[in-house]
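Now for the letters of each chain:
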Amino acid sequence: MRKIFNETLLKIAEKDERIHMVLADIGYGEIEGFARRFPDRYYNCGVMEQNMTGVACGIAMEGNIAITYSIANFPTLRCLEQIRNDVCYHNANVKIVIIGGGVSYGPLGISHHSTEDIAILRALPNLLVVAPCDPQEAEAATYAMIEHDGPVYYRCGYKGEKDIHHRPFHFELGKAITVEDGDDCTIIFAGPIGLEAQKAVEAVCEQGIHCRLISMHTIKPIDKDAILRAARETGRIITVEEHNLSGGLGSAVAEVLADEGCLNIRFKRMALPDVNVHEVGSQQWLRELYHLGAADIAEEIRKICK
């Protein structure tokens, strides 16, 4: 997904001179194309994410579009004060892009896990929170992010993610996408973890359980209509996310259901537990360790549909 993001951004930058990239000591074969093509619009601030965010805000306040870009939680939690006070307070046109949401960088340990970001950043005024699920959504979300006038948090996958969508779709910020139709239960996911949810939906379909599968690629503003429609039409909702149980997608969906009085449905959140994910291993191994694999999701579907 990061390759798709960088290739798409380069195409957009060819036509839009307002786009600038501001980085904090990162490269590794993906952003060099932008640096070579637009050296006057490329800034590497070194290992100073706070300064990177301040520079990006200044660039945006001059009428440009600034993209901050780094891995996992470095462009977010390390410079949260600057995002809050510089970017969001001024509603600056800064796009905060992370590569490797969740536990994509599993072997590098907790310092490289991004597992609290959605909860923290969706609380900031003016900031949109976007988590595309596959290369197709990553491309569409890049165009939509640039078109939006204001700050956006873009939670990108790492590499090697497979396509989840198998049919054409319309991408719009704040509007969920129905990947599969079904009336027995609704699975709402955000990000590449959706592939595990899709495998689970396919598995239970063979047992006669037909699930609606929804990609909630925009967590803020969230698609209330899609959530309420799922509650009304299926009566059962499971949320799946590669994020801490507190404050993420599941919490956002629960807030909508509570605010709208939809408390008579069966509801389950599947996420990382409220612990420090200190184990070291591959992303897939960590998903299964914390019961976020396809088999675990399928089991929860069977339970909720009893």
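Evaluation of the coordinates by the stated rule reveals 0 disulfides. Lacking any disulfide linkage, cysteine 262 is separated from the closest cysteine sulfur, that of cysteine 185, by 15 Å.

Here helix H7 (residues 194-205) spans 16 Å end to end across 12 residues, near enough to the 16 Å set by a 1.5 Å rise per residue. For H7, the secondary structure elements touched by its buried residues are strand S7 (177-180), strand S8 (185-190), strand S9 (211-215), helix H10 (283-289) and helix H11 (294-304).

What follows covers helix H6 (residues 135-147). With 13 residues, H6 ought to run about 18 Å at 1.5 Å a step, and its terminal C-alpha atoms sit 19 Å apart, in line with that. Among the residues of H6, Pro135, Glu137, Ala138, Ala141, Thr142, Ala144, Met145 and Ile146 are the ones counted as buried.

Here we come to the sheet that holds strand S4 (residues 94-99). Here we have 7 strands laid out as an open sheet, ordered S2-S1-S3-S4-S6-S5-S10, and mixed in their pairing. Strand pairing shows two members of the sheet lacking a second neighbour, strand S2 (42-44) and strand S10 (218-220), which therefore form its edges. Put simply, the sheet's adjacent strands are angled 20° from each other on average, direction ignored. Where S4 and strand S6 (residues 152-156) come together, 5 bridges link them in parallel fashion. Looking at the pairing, lysine 95 lines up with valine 152 of S6. Strand contacts of H6: strand S1 (19-23), strand S3 (65-71), S4, strand S5 (128-130) and S6, with the helix running at about 165° to S6, the strand carrying the most contacts.

This model, assessed by the stated rule, comprises 4 aromatic pairs. Centre to centre, the rings of phenylalanine 5 and tyrosine 69 are 5.9 Å apart; their planes meet at 15°, and the pair counts as stacked. Note that phenylalanine 5 is positioned in helix H1 (residues 2-15) and tyrosine 69 in strand S3, a separation of 64 residues in sequence. In this pair, the class of phenylalanine 5 matches that of tyrosine 69, namely buried. Consider the rings of phenylalanine 5 and tyrosine 154, whose centres lie 5.2 Å apart with planes at 45°: the pair is tilted. A residue pair is termed long-range when its members are at least 10 positions apart, and phenylalanine 5 in helix H1 and tyrosine 154 in strand S6 qualify at 149 residues. On the accessibility criterion, phenylalanine 5 (0% relative accessible area) is buried. Taking NZ or CZ as reference, arginine 41 lies 4.1 Å from the ring centre of phenylalanine 38, over its face.

As a further point, take the side chain of asparagine 64. You can see asparagine 64 is positioned in the loop between helix H3 (49-61) and S3. Polar contacts involving the side chain of asparagine 64 include one to the main-chain carbonyl oxygen of isoleucine 59, which spans 3.1 Å. Filtering out sequence-adjacent residues up to four positions away, asparagine 64 remains in contact with Arg18, His20, Ile59 and Asn93.

Right, let's get into the pattern of salt bridges. Pairing between side chains of opposite charge can happen when their charged atoms approach one another. Tallied over the entire structure, the rule returns 12 salt bridges. Close ionic contact of arginine 78 with glutamate 49 constitutes a salt bridge, the shortest N to O distance being 3.3 Å. In this pair, arginine 78 sits in the loop between S3 and helix H4 (80-88) while glutamate 49 sits in helix H3, placing the two residues 29 residues apart along the sequence. Look at arginine 78 and you get partly exposed, because its relative accessible area is 40%. Judged by its relative accessible area of 4%, glutamate 49 is buried. Between aspartate 117 and arginine 155 there is a salt bridge; the shortest N-O distance is 2.7 Å. Residue aspartate 117 is found in helix H5 (residues 117-121), and its partner arginine 155 is found in strand S6; the two are separated by 38 residues along the sequence. Each member of the pair, aspartate 117 as well as arginine 155, is classed as buried. Through salt bridges with shared partners, a single network forms among Asp183, Arg212 and Glu233.

About the criteria used
- Residues numbered from 1 in each chain as written.
- Predicted model: local features only at pLDDT ≥ 70, side-chain atom pairs only at ≥ 80, totals over all residues.
- Heavy atoms only, no water.
- Disulfide = S-S within 2.5 Å.
- Helix = DSSP H or I, 4+ residues; strand = E, 2+ residues; numbered from the N terminus.
- Expected span 1.5 Å × (residues − 1).
- Contact = heavy atoms within 4.5 Å.
- Buried < 20%, exposed > 50% of the residue type's maximum accessible area, 1.4 Å probe, protein only.
- Pairing = 2+ DSSP bridges.
- Axes fitted to C-alpha atoms, helices over the stretch in contact; angles between N-to-C directions.
- Phe/Tyr/Trp six-rings, centres within 6.5 Å; stacked < 30°, edge-to-face > 60°.
- Lys NZ or Arg CZ within 6 Å of the ring centre and 35° of its normal.
- Polar contact = N/O pair within 3.5 Å; in protein donor to acceptor, adjacent residues only side chain to side chain.
- Salt bridge = Lys/Arg side-chain N within 4 Å of Asp/Glu carboxyl O.

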